[in-house]
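An overview of the molecular structure
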Amino acid sequence: MRRPEQALHRAAIQYLDAVLPAEAWAFHVPNGGARTTAEGGILKAMGVRPGIPDLCIVWQGRAHWIELKAGKGKPSDAQNAAAGRLAQCGCPPVLLARSLDDVATCLRAFGIPTREARAAA
């Protein structure tokens, strides 16, 4: 079975690892996936929150969030609620990306320079 969103996640992290400056760090938050009821309960008790965006980029002391969606996928109610909560905490708006071009657009919107942009300057 093909998993286009998984492929987008992998490509996005490879892209970010290649272009982000050394003082920025990107990572995936693995909240999704099938879990047993017991595992789900343990993770919930440990602080896992529903709807957390897929990617976090930390730059200049701030967390910048990207939700990845393949095709015509839309954010869930939990994802929209999490985006609202992150905004209340002072994070920039959670941005949606469906392609690597969208991820690059997100970086520009966040004002995060890439290695290639710095080299060209």
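My aim in this report is to walk through the structure given alongside it, one point at a time. (Residues numbered from 1 in each chain as written. Predicted model: local features only at pLDDT ≥ 70, side-chain atom pairs only at ≥ 80, totals over all residues. Heavy atoms only, no water.)

Backbone phi values are negative for most residues with the exception of glycine, while trans is the configuration of most peptide bonds. Even without a glycine there, the phi angle at Q60 is positive, about 50°. Following the sequence through the fold, Q60 ends up in the loop between β2 (55-59) and β3 (62-68). Owing to a relative accessible area of 63%, Q60 belongs among the exposed residues under this scheme. (Helix = DSSP H or I, 4+ residues; strand = E, 2+ residues; numbered from the N terminus. Buried < 20%, exposed > 50% of the residue type's maximum accessible area, 1.4 Å probe, protein only.)

The subject of this paragraph is the sheet that holds strand β1 (residues 24-28). Sheets are built from strands paired through backbone hydrogen bonds, the pairs being either parallel or antiparallel. A sheet is described by the order of its strands in space; here four strands give the open sequence β1-β2-β3-β4, paired in mixed fashion. Of all strands in the sheet, those with a lone pairing partner are β1 and β4 (95-97), marking the two edges. The sheet shows a mean angle of 25° between the axes of neighbouring strands, taken without regard to direction. In this sheet, β4 lies alongside β3 in parallel orientation, the contact comprising three bridges. Residue pairing across strands places L68 opposite A97, the latter belonging to β4. Against the sheet, helix α1 (residues 4-19) makes contact with β1, β2, β3 and β4, and its axis sits at roughly 165° relative to β1, the strand it touches most. Seen against the sheet, helix α4 (residues 100-110) touches β2, β3 and β4 and runs at an angle of roughly 160° to β4. (Pairing = 2+ DSSP bridges. Axes fitted to C-alpha atoms, helices over the stretch in contact; angles between N-to-C directions. Contact = heavy atoms within 4.5 Å.)

A few words now on helix α2 (residues 37-45). Taken across its nine residues, α2 has zero buried, putting it largely on the surface. Of the residues trailing α2, G47 is marked for its positive phi of about 110°.

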